[in-house]
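# Structure assessment
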Amino acid sequence: MPLPSIVLDPPFNITRASHIALTVADLGASRVFYEEVIGLVLTLATEDALYFRGVEEACHHSLVLRKSGSAPRCQQIGLRVLTDEDLIKAHAFFQQRGCPVQWAEVAHQGKTLHVVDPFGMQLEFCSRMPVQPRQITSFQRHKGGCGLRMDHIQLLTPHLRLALEFYMSLGFWLTEYVAPDDDHIRAVFLQRKGNPHDLVFFHGDGPRMHHFAFVAPETQHLLRACDTAGELGFGAKVERGPGRHGPGHAQFVYFRDPDGHRIELFNTHYQVMDLENEPVRWDPNDPAVAYPWGMPARSRWFEQATPFEGSEVTAASPKPNPMTLERFLRED
Ligand SMILES: [Fe+2]
């Protein structure tokens, strides 16, 4: 089966994966973890929410934590569009395809659209936020892993091939994919901002949020985050790495936050902006794909993830889904 083609004139202009909203049990514990270990900047603390941004980010928030008495959930993954006109186009696009879509009032961001995609992922689109001073040269405020900026979000879905087709129809470019051949794709790396990925989909029980990732300035910041985690009692939260990725090539470390949400720190990767770049296929039978060196991930890295609030999780079939996207959208 051929890979979908890049759409150069998408129905509306998504610019990047920009933010994520999660529920947590204890805002105090979360604040210590994200400020001291990951090194994010706290923009605002309210009675029931924390708003963080990366050290070099100017927009109000890239991570929102809302207090909840229920099991931890991912409320939305945030995607930026270029203008409010794109939001109006997005509303029409999703409505036409039968996806639940509604305008939402969300604090500290502009006009906002909430959408449930065909695979149960809860999406939040906006085009603007209030601006704060960047802290990139405020060196005395840099802590832990010095998380600079939100880079990507990895998701699990039992409908991987259909998600690839759907998100490429929205203008995402496929940069890399993991597959023994093009009929048996296990993971896809999709981008809008010009580096290898904004959204990553892996085959698995879903919809679930596997991890979100912040860029760290240097490799040493990955180790500093681990040392800080150990000192503050979060040592057992270092789940995988530090290590080196095959796809993307970045060095990384994964943590579980106090509620079990998974966050990756990594030292960024290359640019992809030229149309003649073909997607890179990684053969999962090649051991260098997952582990160029170092210890393999423990099984829970593959199995555990955060469900979305309001979406049922469907078990993934080991066999590829034979349904077409058109039929799936009709029957959903
Ligand atoms: Fe990642």
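This structure is a prediction, so every number in the text was calculated from the model and none was measured.

## A look at the overall build of the protein chain
From N to C terminus, the protein chain includes six helices and 18 strands. A compact globule built from 332 residues should have a C-alpha radius of gyration of about 20 Å, and the protein chain, at 19 Å, falls within 12% of that. Summarising the internal contacts of the protein chain: among those between residues at least 6 apart in sequence, 70% fall at separations of at least 24. Accessible surface, the protein chain: about 14400 Å² in total, of which carbon and sulfur atoms supply 50%. The averaged location of the 40 negative side-chain charges in the protein chain is 3 Å from the averaged location of its 32 positive side-chain charges.

## Notes on the nonpolar core
By size, the foremost hydrophobic cluster in this structure holds 68 residues, and its most contacted members are Phe94, Phe125, Phe212 and Phe255. The element that contributes the greatest number of residues to this core is helix 3 (residues 160-169), accounting for seven residues. Not counting residues up to four positions away in its chain, the partners in contact with phenylalanine 125 are Phe12, Ile14, Leu79, Val81, Leu87, Phe94, Lys111, Thr112, Leu113 and Val115. Listed in part, the twelve residues of the second largest apolar core include Leu148, Ala213, Phe252 and Phe266.

## Describing the coordination of the iron ion
Looking at the iron ion, the protein donor atoms are His152 (NE2), His211 (NE2) and Glu264 (OE), and they sit 2.0 to 2.2 Å from it. Ordering the donors of the iron ion by residue number gives the pattern H-x58-H-x52-E. In this pair, histidine 211 sits in strand 13 (residues 208-215) while glutamate 264 sits in strand 16 (residues 262-266), placing the two residues 53 residues apart along the sequence. As far as burial versus exposure is concerned, histidine 211 and glutamate 264 are alike and both buried.

## Quick word on the packing of aromatic side chains
This structure, assessed with the given rule, holds 21 aromatic pairs. Each ring, one from phenylalanine 33 and one from tyrosine 34, has its centre 4.9 Å from the other, and the planes form 90°; the classification is edge-to-face. Each member of the pair, phenylalanine 33 as well as tyrosine 34, carries the same accessibility label: buried. The structure contains a cluster of three or more aromatic residues connected by ring pairs, namely Phe12, Phe93, Phe94, Phe119, Phe125, Phe166, Tyr167, Phe172 and Phe201.

## Regarding the sheet that holds strand 6 (residues 101-104)
Spatial ordering of the open sheet is given by 2-3-4-1-5-8-7-6, a layout of eight strands whose pairing is mixed. Every other strand in the sheet has two partners, leaving strand 2 (41-45) and strand 6 as the edge strands with one partner each. Strand-to-strand, the axes of this sheet are offset by a mean angle of 25°, without reference to chain direction. The pairing of strand 1 (residues 14-24) with strand 5 (residues 74-81) spans seven bridges and is classified as antiparallel.

## A few points about unusual backbone geometry
Negative phi is the rule for most residues except glycine; trans is the rule for most peptide bonds. A cis amide bond, omega 15°, links glycine 206 with the succeeding residue proline 207. Its place among the elements puts proline 207 in the loop between strand 12 (199-203) and strand 13. A cis amide bond links glycine 241 to the next residue, proline 242, at an omega of 5°. Structurally, proline 242 can be placed in strand 14 (residues 238-244). Of note in this structure, threonine 268 is not a glycine but carries a positive phi near 60°. Structurally, the position occupied by threonine 268 is in the loop between strand 16 and strand 17 (280-282). Exposure remark for threonine 268: the relative accessible area of 29% places this residue in the partly exposed category.

## Overview of a nonpolar patch on the surface
Together, Ile6, Leu8 and Leu275 give the surface a local cluster of nonpolar side chains, amounting to about 270 Å² of exposed area. Its place among the elements puts leucine 275 in the loop between strand 16 and strand 17.

## Concerning the domain arrangement of the protein chain
Domain parsing of the protein chain yields domain 1 (14-140) and domain 2 (149-229 + 237-307). Put simply, the middle of domain 1 and the middle of domain 2, counted by C-alpha atoms, are 20 Å apart. Across the boundary between the two partners, domain 1 contributes 38 residues, which contact 37 residues of domain 2. Surface buried jointly by domain 1 and domain 2 totals about 3100 Å² across both partners, of which 75% is contributed by carbon and sulfur atoms. The largest contributions to the domain 1 side of the interface with domain 2 come from Ile14, Phe119 and Met121, which together make up 21% of the buried area. Along the contact surface separating domain 1 from domain 2 lie one salt bridge. One salt bridge connects glutamate 56 with arginine 149, and the closest N-O pair in it is separated by 2.8 Å. In this assembly, domain 1 and domain 2 are joined by nine residue pairs in polar contact (both at pLDDT 80 or more).

Definitions and cut-offs
- Residues numbered from 1 in each chain as written.
- Predicted model: local features only at pLDDT ≥ 70, side-chain atom pairs only at ≥ 80, totals over all residues.
- Heavy atoms only, no water.
- Helix = DSSP H or I, 4+ residues; strand = E, 2+ residues; numbered from the N terminus.
- Rg over C-alpha atoms; globule rule 2.2 N^0.38 Å.
- Contact = heavy atoms within 4.5 Å.
- Areas by Shrake-Rupley, 256 points an atom, 1.4 Å probe, with all protein chains shown as cover.
- Lys, Arg positive; Asp, Glu negative; His and termini not counted.
- Charge placed at Lys NZ, Arg CZ, Asp CG, Glu CD.
- Core = buried A, V, L, I, M, F, W, Y, C linked by side-chain atoms within 4.5 Å.
- Buried < 20%, exposed > 50% of the residue type's maximum accessible area, 1.4 Å probe, protein only.
- Donors = N, O, S within 2.8 Å, 3.2 Å for Na, K, Ca; no water.
- Phe/Tyr/Trp six-rings, centres within 6.5 Å; stacked < 30°, edge-to-face > 60°.
- Pairing = 2+ DSSP bridges.
- Axes fitted to C-alpha atoms, helices over the stretch in contact; angles between N-to-C directions.
- Patch = residues over 30% accessible without salt bridge, like charges linked within 9 Å, V, L, I, M, F, W, Y side chains within 5 Å.
- Salt bridge = Lys/Arg side-chain N within 4 Å of Asp/Glu carboxyl O.
- Domains from an automatic or database assignment.
- Buried area = accessible area lost by both parts, 1.4 Å probe.
- Polar contact = N/O pair within 3.5 Å; in protein donor to acceptor, adjacent residues only side chain to side chain.

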